[in-house]
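Remarks on the overall topology
So you can see what is in the structure, the chains are spelled out below.
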Amino acid sequence: MVINFGAGPAKLPEEVLIEVQRDLLNHGQSGISVMEMSHRSKEYADIHSKALQAVRDILNVPDNYKVLFMQGGGTGIFSAICMNLMKTGTADYCVTGTWSTLAAKEAAKYGKVNMVFPKPEKFTTIPDQSSWKLDPNASYVYYCDNETVNGVEFPFIPDTKGVPLVVDMSSNMLSRPFDITKFGLIFGGAQKNIGPAGITVVIVREDLIGNAMPTTPTILDFKVTCANNSLYNTPPTFIIYVMGLVFEWIKRKGGLDAMHENAITKSKLIYQSIKNSNGFYTCPVDVRYRSRMNVPFRAGSASGDESVESEFLKGAEKLGMVQLKGHRSVGGIRASLYNAVSVEDAIVLANYMNEFYNSHKSK
Ligand SMILES: *Cc1c(COP(=O)(O)O)cnc(C)c1O
């Protein structure tokens, strides 16, 4: 048996994959695969609208917010946000890791970017809100709720004094309940916690739609996507179908409260193994902002001993634990604990970490 701790594209619930496999050649009464269906067919329309509605149900999305399915990945939405929302020509960016760095860089192409706090040298913490410098003229305040590479997650929703709040939830959307009304826009690429790669879920407040810059590509214009029910052009129909099955799976498993509870249990297990190792394992992230989704850590010494880490990864793989290698920019090890990773999976990893530590301590 293999346990997939990959950061993305990541593990999908086995139940969903089995369902996909069962219906791969013949969906419903159609006699054909979802992959082969017209995106304008009645059969696909049903899959499409059910998936959109499931997002509303699971996240309790109020009526004055639209749910959109868009392409171009999370990265595409970095640009779309600027082109659709940067009415005043300036925006606030909170940079806490690799992904918000890239989003801010993209935004600088379209207008003035105000860094809410100086870029930290290492992405291991979130500066205290009392030190933030928000620009009252900003079109929006942007932040990344969970920095997938660095393992930094917000335990709070920033207060922006009425300026629309925009959040990247690519790696933790659907992992906990939250109050949508605090936000102007929420987005997340599917391939971490929601489904296969190829779609980005965008939830946007109605009044923020309809202000796109004239040069905005039609396909990135929220108004066009919204007016066409996310069917302006051919969407990745198969991906949306699989994502819809994941949504049903989340509902069956108890919704976001259950996902949140599991995320806490799983991440605590891994952080506990790190803590119990007397410095053999180290996680550089400030304990207050440690991610429930992605746990980056080093092994062998505080800055990481690459030969020990490589041995760790090889040993893990022998036991069926795959995709544990840290992001190429930070090295080390990273355990991603998305919804489809079970508490039992996390226990297997935590036990392995403890055993690996014990066998190295006695050497
Ligand atoms: C993966 C990721 C992205 C980028 O997603 P792409 O679909 O590869 O463009 C953006 N933000 C976060 C937080 C991510 O984890």
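Below is a summary of the structure that appears in this document. Owing to the predicted nature of the structure, the values given are computational and were not obtained by experimental measurement. (Residues numbered from 1 in each chain as written. Predicted model: local features only at pLDDT ≥ 70, side-chain atom pairs only at ≥ 80, totals over all residues. Heavy atoms only, no water.)

Concerning the packing of helix 7 (residues 255-275) against helix 9 (residues 343-361)
Where helix 7 contacts helix 9, the axes come no closer than 9 Å and their chain directions differ by 0 degrees. Considered as vectors, helix 7 and helix 9 are oriented roughly parallel to each other. In contact with Asn-262, Thr-265, Lys-266, Leu-269, Ile-270, Ser-273 and Ile-274 of helix 7, helix 9 contributes Val-343, Ala-346, Ile-347, Leu-349, Ala-350, Met-353 and Asn-354. Taken together, the residues of the contact of helix 7 with helix 9 sort by class into nine nonpolar, four polar and one charged. (Axes fitted to C-alpha atoms, helices over the stretch in contact; angles between N-to-C directions. Helix = DSSP H or I, 4+ residues; strand = E, 2+ residues; numbered from the N terminus. Parallel < 35°, antiparallel > 145°, perpendicular 65-115°, else oblique. Contact = heavy atoms within 4.5 Å. Nonpolar A, V, L, I, M, F, W, Y, C, P; charged D, E, K, R; others polar.)

Focus on the sheet that holds strand 12 (residues 294-299)
Pairing within the open sheet is antiparallel, and its three strands lie in the order 11-12-14. The open sheet terminates on both sides in strands that have one partner only, identified here as strand 11 (281-282) and strand 14 (333-336). Two strands pair when backbone bridges link them, and strand 12 and strand 14 are joined in this way by four bridges, in the antiparallel orientation. Note that in strand 14 the partner of Pro-296 across the bridge is Arg-334. The sheet contacts of helix 7 involve strand 11 and strand 12, and relative to strand 12 the element is tilted by about 20 degrees. Its contacts with the sheet place helix 8 (residues 306-318) against strand 11, strand 12 and strand 14, and it is angled at close to 125 degrees to strand 12. (Pairing = 2+ DSSP bridges.)

Details of the nonpolar core
The biggest cluster of nonpolar side chains holds 84 residues, and the ones touching the most others in it are Leu-59, Phe-69, Ile-203, Tyr-281, Phe-312 and Leu-349. Here the element with the most residues in this core is helix 6 (residues 237-252); it accounts for 10 residues. Counting residues domain by domain, this core receives three or more from each of domain 1 (14-252) and domain 2 (255-360). Setting aside its immediate chain neighbours within four residues, Phe-312 contacts Tyr-281, Phe-297, Ile-333, Leu-349, Tyr-352, Met-353 and Phe-356. (Core = buried A, V, L, I, M, F, W, Y, C linked by side-chain atoms within 4.5 Å. Buried < 20%, exposed > 50% of the residue type's maximum accessible area, 1.4 Å probe, protein only. Domains from an automatic or database assignment.)

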